[in-house]
Amino acid sequence: MRLLLVEDTADVAEAIALSFARVGDTLDCAFDLKQARSSLSLQQYDVLILDINLPDGSGKDLLRELRRERNTIPVLMLTARLGIEERVSSLDGGADDYLTKPFDLRELQARVRALHRRSPTVRETFIEFGSLVIDIAGKTLSCNGEELTLTRREFSLLEALLDRRGRVASKEHILGRMFSFDEADVGTNAIELYVSRLRRKLSGSGVAIRTLRGLGYQLVDEA
Amino acid sequence: MESLFVRCAAWGINSLMKPDQRASLTRRLALSISLLLLAGGALVSVAALAYGRQAAQTAFDRLLLGSARQIVANASVVDGRVMVDIPVSAFELLALAPDDRVVYRIVGHDGKTLTGYDSLIIPDDDVRDVAYYNLEFNGEPIRVIALSKRFAERAFSGTIQVLVGQTLRARNALAQELVGSAVLVVVLVGASMAILAIIAVYSALRPLYRIENSFSSRDPRDLTPLDVAVPSELTPVVNAINRFMSRLDRQMETTNNLIADSAHQLRTPIAALRAQTELATEESDPKALSVSLARIHARSRSLSRLTDQLLNRALIIHRNDSVVRTRVDLRTVAMETADEFDIDSQGRARELRLQLPEFAVWVRGDVLSLREACKNLVNNAFVHGQPPVTLIVETIGDKVVLAIQDQGQGMPLQTELRAGERFVQADETSNRLGTGIGLAIVQEVLKAHDGKLLFSPADRQGLKVSMVFPGDRYGSDA
């Protein structure tokens, strides 16, 4: 993994850099927004770790810039602010996850790795969920050893639900995974159609898709 | 003159209807009272003037009538001619006004003057029995009575007219005297009303000065309720001040408690941390060093959790008093809490499950406080119970529930009863994390949301901790 850390507190940055270096990841450090922008323009990173309070501005501004340029790099925000209001605004601003200072380095690593796994470029190859075994690379699904055939769209819906397994996948998240940008005018109604199809195919597997009105869908193992 | 008065009155009334909020009360009252006195005085004066004139007129007209009647009574027909013998007594009454002149004329049936001034002429010839006229005689205004007498005898048949006039000095003097005393009364009454008004204003405002005195003489840190006797009109003001001060008092107390708590709770772990680091810097044995470092790490983690909780508790108490409640879907609270707990500090995925109903479960409250309460309960479940931990949202009757269920051993009854007091830890002899602030936060949030905390055994094993809130009746739509 190649990571960019934007953090102005030198000893915190150093500790984070060392911990990632120990497990074999490459981590570049930027101490302000200016350095961060030049690093981002020169190098392709897998995950961006972004502090909010920086000497030359707010990390949220950089995040907004990136998202405006359709840069989909996974972003983990670091914040030391009191109150979780920050959480809402940073997640709305396009951050994928956040972590409140102080934190443990191992937790940071796990969250970064989770973000990396979720990003479209790198994925787990096999996922087991209940009686289902999903081969992401081979795009196949089997239930108790028996193969189930899914269309391409149904499979990406299943992937979107698996991203948030145990949690709730919002319609926006599913929409983002199932359709590309140029197909963006597909309404959320289309999702309901695919959900009912996938539900039918999964019946009998013990895995169900629950509808949570106003929130999204949840993949649950009812066995 | 009149238009000036009208303009002044218009300005006065206008400033009474739309008073400047900062204008002095005394001035406003003085203005309204003087307007009242001016208008009332003017009215009374006009009335007195009319009445005085009328009274003087009536009195003097009677004298004229009496005098004319005496003259008429002395008229008689002698040898077919009218003879008038004017008695001295006829003018005696009129002579009571020494400065006035009296004129008379007696007109025969043919219109010729029988006796008296020819130049005393009444404007019309109609022959009424009694009539009064205001005329001018030798350049001076006079009041004239015309009295007719009809003779119907064999020797003479016709009407004679007796005119008696008198100048107006005495009657004007009387009218002025009457008006003058009336106006004097008005002025006296007005002055006493003004004095009474000033006294009333002063005594009405005195309670305000008492409040001011009570404030200026009190200790700046004294936030006890005002104890000043005030009239019922001022009671709401004093009540509002007292409510405000009690809120301030609560916040001060909270802050003081927080500072005391923080000092107490933060100093101990910091002392331990310093001692451990000092030891570690002098340690040469790598094994002992790594033990020491592990201890330092554990201490610093519990310290950061403690700081979080202390700050969050202050935040929540502050929000309880200040934040506007909105409709919150408890499912969202559960979801967002779950997002924060998906990975533990060791970087391992946590076994946290979500059991949410299909439709929204509304509660009226502050989403941040609710999430903080939920976080603390989930944290307790992981620290004191056994995973998997399940977050459950459900509706039971008209109550809505956010419950946290774990698979541990449950909670000893004694701790359960005291849970929520500050510094009560799950197991006071154990070394496990737990400051007792977590449940105190939960209790604060529940108190602000009219909620209750219920502990019950979970379905198979473990403990189910439920936050029970009144449902938001207006939010039952999907």
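What counts, and where the lines are drawn
- Residues numbered from 1 in each chain as written.
- Chains lettered and ligands numbered in written order.
- Predicted model: local features only at pLDDT ≥ 70, side-chain atom pairs only at ≥ 80, totals over all residues.
- Contact = placed C-beta atoms within 7 Å.
- Helix = DSSP H or I, 4+ residues; strand = E, 2+ residues; numbered from the N terminus.
- Nonpolar A, V, L, I, M, F, W, Y, C, P; charged D, E, K, R; others polar.
- Pairing = 2+ DSSP bridges.
- Axes fitted to C-alpha atoms, helices over the stretch in contact; angles between N-to-C directions.
- Left-handed = near helix turned anticlockwise from the far one by under 90°.
- Expected span 1.5 Å × (residues − 1).
- Buried ≥ 20, exposed ≤ 12 C-beta atoms within 10 Å, placed from the backbone.
- Core = buried A, V, L, I, M, F, W, Y, C linked by C-beta atoms within 7 Å.
- pLDDT = per-residue confidence, 0-100.

A. Seen up close, the interface of chain A and chain B. Every contact between the two is made by 22 residues of chain A and, on the other side, 24 residues of chain B. For the side of chain A that touches chain B, the secondary structure elements donating two or more residues are helix 5 (105-118) and strand 12 (207-212) of chain A. Tallying contributions element by element places helix 5 of chain A first for the side of chain A that touches chain B, with six residues. Within the side of chain A that touches chain B, the residues separate by chemical class into eight nonpolar, six polar and eight charged.

B. Main features of the sheet that holds strand 1 (residues 2-6) of chain A. Residue and element names in this part refer to chain A. The sheet built from five strands is open, its strands ordered 2-1-3-6-7 with parallel pairing. The open sheet has two edge strands, strand 2 (26-30) and strand 7 (97-100), and neither has a second partner. For this sheet the average axis-to-axis angle between neighbouring strands, irrespective of direction, equals 20 degrees. When strand 3 (residues 47-51) meets strand 6 (residues 75-79), the two strands line up parallel, connected through four bridges. Each residue of the ladder has a partner; that of aspartate 51, found in strand 6, is leucine 78.

C. Representation of the packing of helix 8 (residues 367-384) of chain B against helix 10 (residues 437-448) of chain B within the structure. All names here are of chain B. Interaxial distance between helix 8 and helix 10 falls to 9 Å at its minimum, and their mutual angle equals 145 degrees. Crossing geometry of helix 8 relative to helix 10 is assigned as left-handed. Contacts from Ser369, Leu370, Glu372, Ala373, Asn376, Leu377, Asn379 and Asn380 of helix 8 reach helix 10 at Gly438, Leu439, Ile441, Val442, Val445 and Ala448.

D. View of unusual backbone geometry. Cis geometry is found at the peptide bond from Lys101(A) to Pro102(A), where omega equals -5 degrees. In this structure, Pro102(A) sits in the loop between strand 7 and helix 5. In this model, Pro387(B) is joined to Pro388(B) through a cis peptide bond whose omega is 0 degrees. Along the polypeptide, Pro388(B) turns up in the loop between helix 8 and strand 11 (389-396). In this structure, Asn144(A) takes a positive phi of about 50 degrees despite not being glycine. The residue Asn144(A) is located in the loop between strand 10 (140-143) and strand 11 (146-148) in this model.

E. Fine view of helix 6 (residues 152-163) of chain A. Given a rise of 1.5 Å per residue, twelve residues ought to cover 16 Å, and the 17 Å separating the end C-alpha atoms of helix 6 of chain A matches this to within 8%. Buried within helix 6 of chain A we find Leu157(A), Leu158(A), Ala160(A), Leu161(A) and Leu162(A).

F. A look at the nonpolar core. Residue and element names in this part refer to chain B. Leu330, Ala334 and Leu402 are the most contacted members of the largest nonpolar core, which totals 63 residues. Among the elements that line this core, the one with the most residues is helix 8, at nine residues. The residues contacting leucine 330, other than those within four sequence positions of it, are Val361, Val363, Val393, Val400 and Leu402.

G. A look at the confidence of the model for chain A. With 88% of its residues at a pLDDT of 70 or more, chain A has an overall mean of 83. At the level of individual helices and strands, chain A shows its lowest average pLDDT in helix 4 (residues 85-92) of chain A, which scores 58, and its highest in strand 1 of chain A, which scores 93.

H. Broad picture of the confidence of the model for chain B. Residues and elements named next belong to chain B. On average, residues of chain B carry a pLDDT of 81, and 87% of them reach 70 or more. Within chain B, strand 12 (residues 399-405) carries the highest mean pLDDT (91), whereas helix 9 (residues 413-418) carries the lowest (54). Note on residues 422-434: pLDDT under 50 across the span, and 18 contacts to partners over four residues away in sequence or across chains.

I. Highlighting the environment of Leu5(A). Residues and elements named next belong to chain A. Following the sequence through the fold, leucine 5 ends up in strand 1. Residue leucine 5 is classed as buried on the basis of its 26 C-beta neighbours within 10 Å. Measuring from C-alpha to C-alpha, the distance between leucine 5 and cysteine 29 comes to 4.9 Å, with 24 residues separating the pair along the chain. If sequence neighbours within four positions are ignored, leucine 5 has contacts with Ala13, Ile16, Ala17, Leu27, Cys29 and Ile49.

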